[in-house]
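Okay, here's what each chain looks like letter by letter:
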Amino acid sequence: MDDKVIMTDVTGRDGFQMEKDWIATEDKINVINEIIAAGIPRIEATSFVSPKAVPQMRDAREVIKGINRESVEVIALVPNVKGAELALEAGVDEVNYVLSISETHNQKNVRKTVGESIEGVKDIQKLMDSSKITVSLATAFGCPFEGLYEVDKILGNIETLTAAGLSRFTIADTTGMANPVQMTEFISTIKKHYPQHYFGLHLHNTRGMGLANIYAAYQAGMRHFDAALGGIGGCPFAPGASGNVSLEDVVHMFEFMGVPVDGELPKLLEAALNMEKLLGRTLPGQVMKSGQADKTHIA
């Protein structure tokens, strides 16, 4: 198996969606373009959702238009057929369709049963090739309304979606409930059952186990990871859901472990510090505060 780690940045979507104060479209574009300039190859830039539900995403089309797209795959989240149509019109490379395996969370997130959401992605398949659709399986390890899960729960959903012709999935720990032992079991089991599928991992650092879980997943064979600059973001429909794992912290960890990983760390740290100034508060990222591990100081 290839050791290289492929990073997908989700700052523009999962990061910015939680910001209460409006971020100017130009500022969103500038942040995303700094991340692209730092060598991150995949960007989930925005979401085509109802502006009433997520006001921060009302400029989705303009954000997509402003991105420097020469060397990057651009992804947008879509909740339904209408969102997929808008994303295709905007020229995205891929859509991310979120389906929570928790009935309770799925109702709060998209006001549908899990079964109805599965039927919804089938409708999107009528618009575009299934190879351009990634299904994010939210609350994959547990739900704050229902508790922790066993791996069989997510396997059942993957089996149903595979039968529908889908083979690209992101496993999402939406509220940071996973631990490294659970992560190892889930990722090993999922990849054993579906070795030819694409799997990515989307983690939140709600309980401070984000990097430990990423390392456990890497050892279990995962190579694709989502992260957000500065560790911003969260889920607006789940209690206690704090930010994503920090993009620059993940890149720093892998780089100093000697694992090939996309992203130029100094540029990512500069981008994170610039975004911190833009947002006007201290961000959760750690390496942006301390500097790289090989940084030395005058005694």
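As a starting point, this report considers the structure included with it.

About the criteria used
- Residues numbered from 1 in each chain as written.
- Predicted model: local features only at pLDDT ≥ 70, side-chain atom pairs only at ≥ 80, totals over all residues.
- Heavy atoms only, no water.
- 1 Å grid on protein atoms, 1.4 Å probe; cavity = no way out; pocket = protein on both sides within 12 Å on 5 of 7 lines; lining within 4 Å.
- Points joined across faces, edges and corners; volume = space filled by probe spheres on them.
- Helix = DSSP H or I, 4+ residues; strand = E, 2+ residues; numbered from the N terminus.
- Core = buried A, V, L, I, M, F, W, Y, C linked by side-chain atoms within 4.5 Å.
- Buried < 20%, exposed > 50% of the residue type's maximum accessible area, 1.4 Å probe, protein only.
- Contact = heavy atoms within 4.5 Å.
- Salt bridge = Lys/Arg side-chain N within 4 Å of Asp/Glu carboxyl O.

1. Some details on the layout of surface pockets
Here is step 1 of the chain: Size it by volume and the second largest pocket reaches roughly 210 Å³.
Here is step 2 of the chain: What lines the second largest pocket is a set of 16 residues, and nearest its centre among them are Asn205, Val245, Ser246, Asp249 and Pro284.
Here is step 3 of the chain: Per-element tally for the lining of the second largest pocket: the top contributor is helix H9 (residues 210–219), with three residues.

2. Notes on the nonpolar core
Generally speaking, soluble globular proteins have nonpolar side chains that are buried together.
Here is step 1 of the chain: Core analysis: the biggest nonpolar cluster contains 94 residues, and Met7, Leu137, Ile154, Ile171, Leu201, Phe225 and Phe254 have the highest contact counts within it.
Here is step 2 of the chain: Looking at which element gives the most residues to this core, the answer is helix H11 (residues 265–279), with seven residues.
Here is step 3 of the chain: If near-sequence neighbours (up to four positions away) are discounted, methionine 7 is found in contact with Ile40, Pro41, Arg42, Phe225, Asp226, Ala227, Leu247, Val250, Val251, Val261 and Asp262.

3. A word on the environment of asparagine 109
Here is step 1 of the chain: Considering the arrangement of structural elements, one finds asparagine 109 in helix H5 (residues 103–110).
Here is step 2 of the chain: In sequence terms asparagine 109 and alanine 84 are 25 residues apart; their C-alpha atoms lie 17 Å from each other.

4. Describing the pattern of salt bridges
Here is step 1 of the chain: This model, assessed by the stated rule, comprises 14 salt bridges.
Here is step 2 of the chain: Notably, a salt bridge pairs glutamate 19 with arginine 281, separated by 2.7 Å at the nearest N-O pair. Of this pair, glutamate 19 sits in the loop between helix H1 (11–15) and helix H2 (25–37) while arginine 281 sits in the loop between H11 and helix H12 (287–290), and the two are 262 residues apart along the sequence.
Here is step 3 of the chain: The salt bridge partner of glutamate 264 is lysine 267, with a shortest N-O separation of 3.6 Å.
Here is step 4 of the chain: Each of Arg42, Glu73, Glu94 and Arg168 takes part in one network of salt bridges that share partners.

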